[in-house]
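Coordinates in review
Chain residues, written in single-letter form:
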Amino acid sequence: MTYPITNIALIVAALGSGLLAGVYFAFSTFIMQAFGRLTVDQGIAAMQSINTTIVRSPFIVLFLLTAALSLFIAVMAILYWRGGTSMLMLAGAALYLVASLLSTMIFNVPLNDALDKVDGRAAEAAQFWSTYLTDWTRWNHVRTLASLLAACAFVRALF
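Now for a description of the structure that goes with this document. (Residues numbered from 1 in each chain as written. Predicted model: local features only at pLDDT ≥ 70, side-chain atom pairs only at ≥ 80, totals over all residues. Heavy atoms only, no water.)

To continue, consider the nonpolar core. Formed by 20 residues in total, the largest nonpolar core has its most connected members in Phe 63, Ile 73, Met 89, Tyr 96 and Phe 154. Mapped onto this core, the elements with two or more residues apiece are α1 (4–37), α3 (58–79), α4 (84–116) and α5 (125–158). Considering every element that reaches this core, the biggest residue donor is α3, with seven residues. If we ignore the near neighbours within four places in the chain, the residues touching Tyr 96 are Ser 17, Leu 20, Phe 63, Thr 66, Ala 67, Ser 70, Leu 101, Ser 147 and Ala 150. With 15 residues, the next largest nonpolar core counts Phe 27, Ile 31, Ile 44 and Trp 136 among its residues. (Core = buried A, V, L, I, M, F, W, Y, C linked by side-chain atoms within 4.5 Å. Buried < 20%, exposed > 50% of the residue type's maximum accessible area, 1.4 Å probe, protein only. Helix = DSSP H or I, 4+ residues; strand = E, 2+ residues; numbered from the N terminus. Contact = heavy atoms within 4.5 Å.)

For the rest of this paragraph, the subject is a nonpolar patch on the surface. A cluster of nonpolar side chains, namely Ile 8, Ile 11, Val 12, Leu 15 and Leu 65, defines an oily patch on the protein surface of about 420 Å² accessible area. Broken down by element, the nonpolar patch gets its largest block of residues, four residues, from α1. You can see Ile 11 is positioned in helix α1. Residue Ile 11 is classed as partly exposed on the basis of its relative accessible area of 41%. (Patch = residues over 30% accessible without salt bridge, like charges linked within 9 Å, V, L, I, M, F, W, Y side chains within 5 Å. Areas by Shrake-Rupley, 256 points an atom, 1.4 Å probe, with all protein chains shown as cover. Salt bridge = Lys/Arg side-chain N within 4 Å of Asp/Glu carboxyl O.)

So, on to the environment of Thr 39. As for its position among the elements, Thr 39 is in the loop between α1 and α2 (40–54). It is 27 Å that separates the C-alpha atoms of Thr 39 and Arg 143, two residues lying 104 residues apart in sequence.

Contact pair α3 / α4: the axes reach a minimum separation of 8 Å and the direction vectors enclose 145°. Pair α3 / α4 crosses with left-handed handedness. The residues of α4 that touch α3, namely those facing Phe 63, Thr 66, Ala 67, Ser 70, Leu 71, Ile 73, Ala 74, Met 76, Ala 77 and Ile 78, are Ser 86, Met 89, Leu 90, Ala 93, Tyr 96, Leu 97, Leu 101 and Thr 104. Looking at the contact of α3 with α4 residue by residue, the classes come out as 14 nonpolar, four polar and no charged. (Axes fitted to C-alpha atoms, helices over the stretch in contact; angles between N-to-C directions. Left-handed = near helix turned anticlockwise from the far one by under 90°. Nonpolar A, V, L, I, M, F, W, Y, C, P; charged D, E, K, R; others polar.)

Inspection of the secondary structure assignment puts Ser 147 in helix α5. Accessibility expressed as a relative area gives 0% for Ser 147, which makes it buried. Setting aside chain neighbours within four positions, we find Ser 147 in contact with Ser 17, Leu 20, Ala 21, Tyr 24, Tyr 96 and Ser 100.

Take a look at the structure:
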């Protein structure tokens with residue numbers, strides 16, 4: 001039995017995951033590289049500005065809404081088991097909740113918090129910035145792939 005609310009959740013979660021994958025993809029493929037080409041103080045200032053702005057933007061609403069919908073989808077998949085469809089629902093939810101949401105909270109956010117305390121003109125800023133760019137981007141690749149695969153799983157579960 002298909003429940004319309006589950007289908008709506010799958011559609012919105014697929015769109016949310018896909019949009020987030022696009023944002024992450026942009027950061028992974030050119031934004032962080034562009035920041036790395038700036039002077040250390042300019043790159044740090046640019047990323048600090050993004051980190052301040054993003055938590056007050058529609059991005060955070062989409063990020064948290066997709067997480068809530070993923071949780072709902074996982075519960076519906078378990079409560080109303082439909083074989084392969086439920087497996088796809090669970091896979092999409094797990095990819096988003098674990099590899100995207102949790103990796104963000106465990107890796108990217110602490111890196112951003114540490115960056116917020118850095119003075120881009122300080123002597124140790126260059127070493128920190130180099131490490132930050134590498135580590136932050138590595139975990140952003142994980143978020144990109146996880147969000148894209150979650151979107152694919154959610155779409156596939158609809159069919």
